[in-house]
Every structure is written in structure tokens, then in C-alpha cells.
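# Coordinates in review
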Amino acid sequence: MSHEKTSQCSARCTRRMHNSLELFRTESEMPFNFRRLTVQTCLLALLACLVVAPAVAADRPNILFIFSDDHAPHAIGAYNGWLKEVDPTPNIDKLAEQGMLFENSFCTNSICGPSRAVILSGKHSHKNGFMNNGNSFDWDQQTFAKVLQKSGYNTAIYGKSHLKGAPQGFDDWKVLPGQGLYYNPDMKTPNGMKRIEGHCTDIVTDLAIEWLKEGREDGKPFCLMVQHKAPHRNWMPAERHLHLYDDIEIPYPNTLFDKWHDNAPPARFQELEIDRHMHLNFDLFVDLTADFPDIEGRFDRSAWRNLKRMTPAQTKAWRDAYGPKDAEFHKLNPQADDLVRWKFQRYAKNYLRCVKGVDESVGKLMATLDQMDLDDNTVVIYSSDQGFYIGDHGWYDKRWMYEESLKMPFICKWPGVTKPGSRVKELIQNLDYGETFIEMAGAEIPAEMQGKSLVPLLKGEKPDDWRKSIYYHYYEYPSVHMVPRHYGVRTEQYKLIYFYQFDEWEFYDLKADPDELQNEYENEKYADQIAAHKKELTRLRKHYDDQSDTGVMPKEWQDEVRNQRAAK
Ligand code: SGN
Ligand code: CA
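For the structure given in this document, a descriptive report is provided here.

Below, the discussion takes up helix H12 (residues 336-371). Look at H12: 52 Å from first C-alpha to last across 36 residues, which is about the 52 Å you get at 1.5 Å a residue. Burial runs high along H12: 26 of the 36 residues are buried. Residue Asp373 follows H12 closely and has a positive phi angle near 60°.

So this is what it looks like as C-alpha cells:
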């Protein structure tokens, strides 16, 4: 008997027992013999349940966690951001229509590896030890995957892990080494490295579907993590999406030409501007060989290396798509703000083309669950490791505690539990995912985990004691994109950020200034709020026991960094 069927049977059996007992309002109203009979029936039923133990396990929902890389909520139609009119994600929007969307979903540390480590461990970066991408995850620590596996779940992970080492807690895995490649990537498997032909998003989707159909163990609930590389830099779309959006102009963000006059100095000393730091060839694949004959050697990194791994057919499709566009670019020769707008269009289109691949993957996975009759007992989650700047503030990349990169999508369809089309405003974090999955599985949440299970919210409850603030801490500095270390607190309406190495503060009123263009730290009007948020920040740092080094750096160090950055 398949585990779905046994679970239905055990549910029916329990229901019948309930019904017979409900005939009598109290036990004392039952005739004596019937009471004995009922006790016997109960014991027999209990015994039967023990004999078909997997049936009890199968009552627990399957979990399909679809997770992408750098997919900002404002690039999802259902989140109603400024890219909605492009209609970037019909399948993810459908998932939101069928399930619950969390409007205030945040990461704890806006960067890839750390976000994944937080999800697996249920602990902040300073506790799980993976504070920046340079770290290696200690797979020996407790994770939600291990808890699920131990409690009888069949577990698998495919795609980007970015945690180094061999995954633990998974019955099967195939992961990209490091960032992985878009075209014809290598994949690390329990049996060594394997090169797989095709586009990474499709490969990861197919591996997941293959496991659903043939790989998993019958009789066990499953937890399947499908972790896409897309839409991570260098935004390389699948062949079939190379011409998508050719005929439209992507709308521009309000803050494309932000000059960060109001931010504390760190925001002005970064390296993630479309204008100055996004490279025409490396990031946007513009053919510059006429200008730089030695270009192959000079840009022997990610996208360039990947272009060299393409099959002749892939190369042809690529050249056919970008060749004419590049010729037009050289003819137009845009300058200054026009060049920023041109780069933005090429970037946003490629980013959204990659998003399209992820959205199609969601559609395909949902259809597979449906075909396999698994849809009624499978929780489907869509999320991404952090948000992203799609030209917002003139930037790409993430890392900051500003809204666009602090926010993560979190959409969950739990059949029979989440109300279709519902939206939740409570503040949640990736810190809560592991605890949520464990509660869904009916297992015990390890005491060391620091998040809160979202199950009550998913059930539509509004717990009075739900958190009113979230804690954030970013560490990777100095490093690519040069976003300084900072920690902070965000509440429903306000955000306080401390760039501790530079001893600089920022405070935003998100209601009056949703784009965070007005740092109110010096504004007397907000003195009480700032003091209250400082107090809350101290409380959170104590609560989560963040004892990492947050010292102010010596003045000479600060000046040196400032001067270096100003010179760039
Ligand atoms: C790479 C990217 C960066 C990106 C980091 C971290 N450069 O270094 O743009 O910020 O990864 O991204 S690339 O040239 O290799 O694309 S993360 O998602 O892995 O944290
Ligand atoms: Ca990422």
C-alpha cells in the first residue's frame, strides 16, 4: 500500500473512533459493556496503528522547498512591486493565490552562504559559525534536515548549497561546487563530480522531479530542497529565454539615480553601482573585442569562462541573441545617465529572464506533484536567500540592511491549512524556516534553535506575543562590493542601523520614507524612537547572544578606507 493510501486509512480509522465516542456526551453515560468494548476497540486500534507505524509518519506533510538565489520580492508579481507590470512570475503568483504570502519576511544576514546556514541550523550566523561566504559550514552541527531525517523523513537537496563540504542530513544530494555555472555545470554528488549538459535551472528541476518519481523511498514523507542558482550574477538566461522582453522597456526604479547624500558615509563607499561597477563585458556580455583585443585573458572569470563551456548550438543561440544587440549598442554609444539606463535595461532583462526560468521550474514542480497525486499532502514553499537591488539606489547585489536586500520572498501553500490568497504582516525571518519544518513534521524543535515556528501564522492565528522586531548582522568586509559591516533592528515602521567599524548610525521612518532616502538619525523629532530602538537593539543582541567583535576601528583605519574609496 502506498504511504498516501495508508495515511488515509489511519485517518479514517481515527475518525470512526471519534464518531462512536461522540454518541455519548460523557463516559459515564455509556453502558458498561460498551465502555469495555470501546476500551478494547481503542487498544486494538492503537495496536493496529503501531503495526502500520509508517502510516502515522505519512500523515505528516511532505515538504517541497523551492529556493532561488538573489530573487528579490519586488521581482515577484504577487509582491506588487514596481516590476509587477512585467508579469515576471505567473507560476509563483499562482502559488501565492493558492497559499499564504508573507509581506514582512527578512533575512538575518543578506548574503548567500550565511542565509542558507541560518535556515539549516535555525541559528543566527554568530551561532552557526558561517558568518560570511569565506567560511565553511560545520556540517556536524544540528540542522533541521537531520531532525527531519531522524524522525522518518526522506530528505534530498539539489542545486546550490554554497556551504562547502558534503551535505549531511540528506539521503540524496547533488550540489553545485561553489557558485556553480549556468551552462553545462559540474555537480558534486555522493559519487564524485559530474558534468551535466543543459541550463542549471532546468537541470536542478529535472533532478528534483527524477527523485520525486524514482528516487525517494516509498512509505516515508519527504523533504525536498530545490535550490536554484538563478537569478544570481552573472545573469545568464536559458536559450529559450534569450529573446524574452526584447520588445519592451523594463520600468525604472524611482531611486536609479540616488546619490546617497543622506546615508551615512559607508553607503557612499561601496562598489555595487550599475554606473561605476557593473562591467559591460563581464556582467552584461557586451562584445568589446574591438576595443580590447586581449579581452579573453582579461575577463577569465565566471560568465566568460562559462561561455567557453557552451556547446556549439548554445554558443550560436547566444551570439544570435546578443550579436545584433551589441551592434546596436556600439552604434548608439550611450554616455553618462543614458549609459546607466542602457546597462540597467540589459541587466534587468537578463535578471528577469533568469527569474522566468525559476518561475517555470515552480510550475513544473507543481504540475509534477499534481500528476503524482502528491499535491494534497505536500507543503510547497517558495523563497530566496535574500533580496536584491535591481537598479534600486543605482545598485545591483545585496548585503545591506536596506529594504530591497533585507526582504526575502516567503510564500507557502499548505493544503488544508493555509487560507488561499492570504497575506501575513507579522515579521518573520529565515531563522524561522527550520523550526517551521520541524513542527510540520511533528518532531521536537532543538532548544538551541533561535527562530520561531511559523506554524501558528500558517494556521491563520495571530499570536499576541509574536515578535515586534528583527535583528540583523552583516559581516563580510572588506570584500567584493565593499559593503561595510553593520547590525541593526527593524520594527514595523522603523529601522536603526549601526555601521560599527565606522561608528556611523542611520535611522529610517519606513512609513514616511519607504525608499530610505532620508536618514533621520540627527532629527530631534525621532529622538525618542531612536532611543527606544537602541534599547531594543541591545536587548536583541543579548537575547541572541551575539558576542562577535563589533569594535569601532581606529581613526587611521577609517580614514584610510574613506580616502581609498573616495579616490575610486
Ligand atoms: C560573487 C559575485 C558577487 C556576489 C558574491 C556573493 N561575483 O563573488 O557579485 O556578491 O558572489 O554572492 S561573480 O562575479 O562571481 O558573479 S552570493 O549570492 O554567493 O552570496
Ligand atoms: Ca544570494
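Continuing now.
The next subject is the sheet that holds strand E14 (residues 486-491). Pairing in this open sheet of four strands is antiparallel, and the strands run E13-E14-E15-E16 from one edge to the other. Bordering the open sheet on either side are strand E13 (469-474) and strand E16 (504-509), each of which pairs with just one other strand. Adjacent strand axes in the sheet meet at a mean angle of 10° when their direction is disregarded. As paired elements, E14 and strand E15 (residues 494-499) share four bridges and run antiparallel to each other. Residue pairing for E15: Tyr487 is matched across the bridge by Tyr498.

This part is about the coordination of the calcium ion (ligand 2). Within the protein, the calcium ion (ligand 2) binds to Asp69 (OD), Asp70 (OD), Asp385 (OD), Asp385 (OD) and Gln386 (OE1); these donor distances fall in the range 2.2 to 2.9 Å. Sequence spacing of the donors to the calcium ion (ligand 2): D-D-x314-D-Q. Like Gln386, Asp385 is buried.

Moving on, we come to the layout of surface pockets. Taken as a whole, the largest pocket encloses approximately 980 Å³ of empty space. What lines the largest pocket is a set of 29 residues, among which Glu103, Asn104, Glu403, Lys407 and Arg490 lie closest to the centre. When residues of the lining of the largest pocket are traced back to their parent elements, those giving at least two are helix H13 (403-406) and E14. The residues that make up the lining of the largest pocket include at least three from each of domain 2 (58-460) and domain 3 (480-567).

Bringing the packing of aromatic side chains into the picture now. Within this structure, the stated rule accounts for 41 aromatic pairs. Both rings, one in Tyr183 and one in Trp318, keep their centres 6.0 Å apart while their planes meet at 85°; by these two values the pair is edge-to-face. Here Tyr183, found in the loop between strand E5 (172-176) and strand E6 (186-189), pairs with Trp318, found in helix H11 (residues 312-332); they are 135 residues apart in sequence, far enough to count as distant. When the centroid spacing of 4.7 Å and the interplanar angle of 40° are considered together, the rings of Phe410 and Tyr433 count as tilted. With Phe410 in strand E10 (residues 410-413) and Tyr433 in helix H14 (residues 433-440), the pair connects residues that are 23 residues apart, well separated along the chain. Against the face of Tyr182 rests Lys229, its NZ or CZ located 4.9 Å from the ring centre. Against the face of Trp466 rests Lys452, its NZ or CZ located 5.3 Å from the ring centre.

Conventions we followed
Residues numbered from 1 in each chain as written. Chains lettered and ligands numbered in written order. Predicted model: local features only at pLDDT ≥ 70, side-chain atom pairs only at ≥ 80, totals over all residues. Heavy atoms only, no water. Helix = DSSP H or I, 4+ residues; strand = E, 2+ residues; numbered from the N terminus. Expected span 1.5 Å × (residues − 1). Buried < 20%, exposed > 50% of the residue type's maximum accessible area, 1.4 Å probe, protein only. Pairing = 2+ DSSP bridges. Axes fitted to C-alpha atoms, helices over the stretch in contact; angles between N-to-C directions. Donors = N, O, S within 2.8 Å, 3.2 Å for Na, K, Ca; no water. 1 Å grid on protein atoms, 1.4 Å probe; cavity = no way out; pocket = protein on both sides within 12 Å on 5 of 7 lines; lining within 4 Å. Points joined across faces, edges and corners; volume = space filled by probe spheres on them. Domains from an automatic or database assignment. Phe/Tyr/Trp six-rings, centres within 6.5 Å; stacked < 30°, edge-to-face > 60°. Lys NZ or Arg CZ within 6 Å of the ring centre and 35° of its normal.

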